[in-house]
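Residue-level structural notes
Next come the chains, spelled out residue by residue.
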Amino acid sequence: MGEPTPTLHMVCGKIAAGKSTLAARLATADRVVLIVEDDWLHKLFAEELATPRDYLHCTAKLRSAIGPHVRELLNAGLSVVLDFAANTVEQRRWMKGLLEGTEAAHQMHVLVPSDETCLMRLRARNAAGTHPFSVTEEQFYQFSSHFVQPTADEGFDLVVYDTAT
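Conventions used here
The written sequence of each chain sets the order in which its residues are numbered from 1. A pLDDT threshold of at least 70 governs which residues receive local features in this predicted model, and a stricter bar of 80 or more applies before side-chain atom pairs are shown or counted, although totals over entire chains, interfaces and linings include all residues. Excluded from the side-chain calculation are hydrogens and water; included are all heavy atoms of the structure. Pairs of cysteine sulfur atoms within 2.5 Å are what we label disulfides. By convention a nonpolar core is built from buried Ala, Val, Leu, Ile, Met, Phe, Trp, Tyr and Cys residues, the set being connected through side-chain atoms within 4.5 Å. Relative accessibility decides the category of a residue: with a 1.4 Å probe and only protein chains considered, values under 20% of the type maximum give buried, values over 50% give exposed, and everything between is partly exposed. Strands here are runs of E lasting at least two residues and helices are runs of H or I lasting at least four, both read from the DSSP assignment and numbered beginning at the N terminus. We call two residues in contact when some of their heavy atoms are within 4.5 Å. We call two strands paired when DSSP finds no fewer than two bridges between them. A fitted line through C-alpha atoms represents every axis, and for helices the fit uses only the stretch in contact; the resulting angles, taken between N-to-C directions, go from 0 to 180 degrees. Each reported salt bridge corresponds to a side-chain nitrogen of Lys or Arg within 4 Å of a carboxyl oxygen of Asp or Glu. What counts as a ring pair is set by centres within 6.5 Å for rings of Phe, Tyr and Trp (its six-membered ring), and what kind of pair is set by the plane angle: stacked under 30 degrees, edge-to-face over 60, tilted for all other angles. By definition here, charges over rings are those cases where NZ of Lys or CZ of Arg is within 6 Å of the ring centre and within 35 degrees of the ring normal.

Regarding the state of the cysteines
- Counted according to the given criterion, the structure contains zero disulfides.
- Here Cys-12 is not cross-linked by a disulfide; its sulfur's nearest cysteine counterpart is in Cys-118, at 11 Å.

Structural notes on the nonpolar core
- If you look at the biggest cluster of nonpolar residues, it comprises 27 residues, and the most contacted ones within it are Leu-8, Ile-35, Val-70, Leu-82 and Met-108.
- Top element by residues in this core is helix H3 (residues 52-75). It accounts for seven residues.
- Not counting residues within four places of it along the chain, the set of residues in contact with Leu-82 comprises Leu-8, His-9, Met-10, Val-11, Ile-35, Val-70, Trp-94, Met-95 and Leu-98.
- The next biggest cluster of nonpolar side chains, apart from the first, holds twelve residues, and it includes Leu-22, Val-135, Phe-140 and Tyr-161.

Section: unusual backbone geometry
- Phi is positive for Ala-16, close to 65°, though the residue is something other than glycine.
- Tracing the sequence through the fold places Ala-16 in the loop between strand E1 (7-12) and helix H1 (19-26).
- In this structure Ala-16 comes out as buried when scored by relative accessible area, which is 10%.
- Its identity as a non-glycine residue notwithstanding, Arg-31 has a phi of 60°, on the positive side.
- Among the residues examined, Arg-31 registers a relative accessible area of 41% and is labelled partly exposed.

As for the sheet that holds strand E2 (residues 32-36)
- Within the open sheet, the five strands sit side by side as E2-E3-E1-E4-E5. Their pairing is parallel. If you trace the sheet from one side to the other, it starts and ends with E2 and strand E5 (158-161), each paired once. The mean inter-strand angle of the sheet, taken between neighbouring strand axes irrespective of direction, is 20°.
- Both E1 and strand E3 (residues 79-83) contribute to a ladder of three bridges, which runs parallel.

Remarks on the pattern of salt bridges
- This model, assessed by the stated rule, comprises four salt bridges.
- Glu-37 is paired through a salt bridge with Arg-63; the nearest N and O atoms lie 3.7 Å apart. In this pair, Glu-37 is assigned in helix H2 (residues 37-45) and Arg-63 in helix H3, connecting sequence segments 26 residues apart. Neither residue differs from the other here; Glu-37 and Arg-63 are each classed as buried.

Some points on the environment of Phe-84
- Within the secondary structure, Phe-84 sits in the loop between E3 and helix H4 (89-98).
- For Phe-84, a relative accessible area of 1% gives the class buried.
- In this structure, the C-alpha to C-alpha distance between Phe-84 and Val-36, residues 48 residues apart in sequence, is 6.3 Å.

Notes on the packing of aromatic side chains
- Throughout the structure, instances matching the rule amount to three aromatic pairs.
- Centroid distance Phe-84 to Trp-94: 5.8 Å. Interplanar angle 25°. Geometry classified as stacked. In this pair, Phe-84 is assigned in the loop between E3 and H4 and Trp-94 in helix H4, connecting sequence segments ten residues apart.
- The ring centre of Phe-156 lies 4.9 Å from the NZ or CZ of Lys-96, which sits over that ring.

Pasting the structure below:
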């Protein structure tokens, strides 16, 4: 019996939808590496992140650096849980490109709780101070206005979670 096929797990959902919770759960399997965008952005660019434009600039830098590493991990036979935003077609296109040159499988995990549920979680997360970034309700709505739920025609193996994870 051979090793299981490495898989790229991606998560999609609005802010505080439960993406990081799900990503951490997926990463408990054997031979799985978890890469968390918010942790890397905070460590590398915390002082530079004040606006959505800043986020786009910094995450582009991070993605260009981390992309080849993700491919190397997949080609080494490890699965990767990529806790990066997959909320726009462009972001998902980058993720799909990570699979090029690999034999890896993939799953796009899509979380779709209501805005009210996300905001309730966001308030609790901000109050707890456990997340590297505090996000206002205004920022939640600003980022959510760009959210596009993935569809089958994007070519992803979709796993949809209609309720809280």
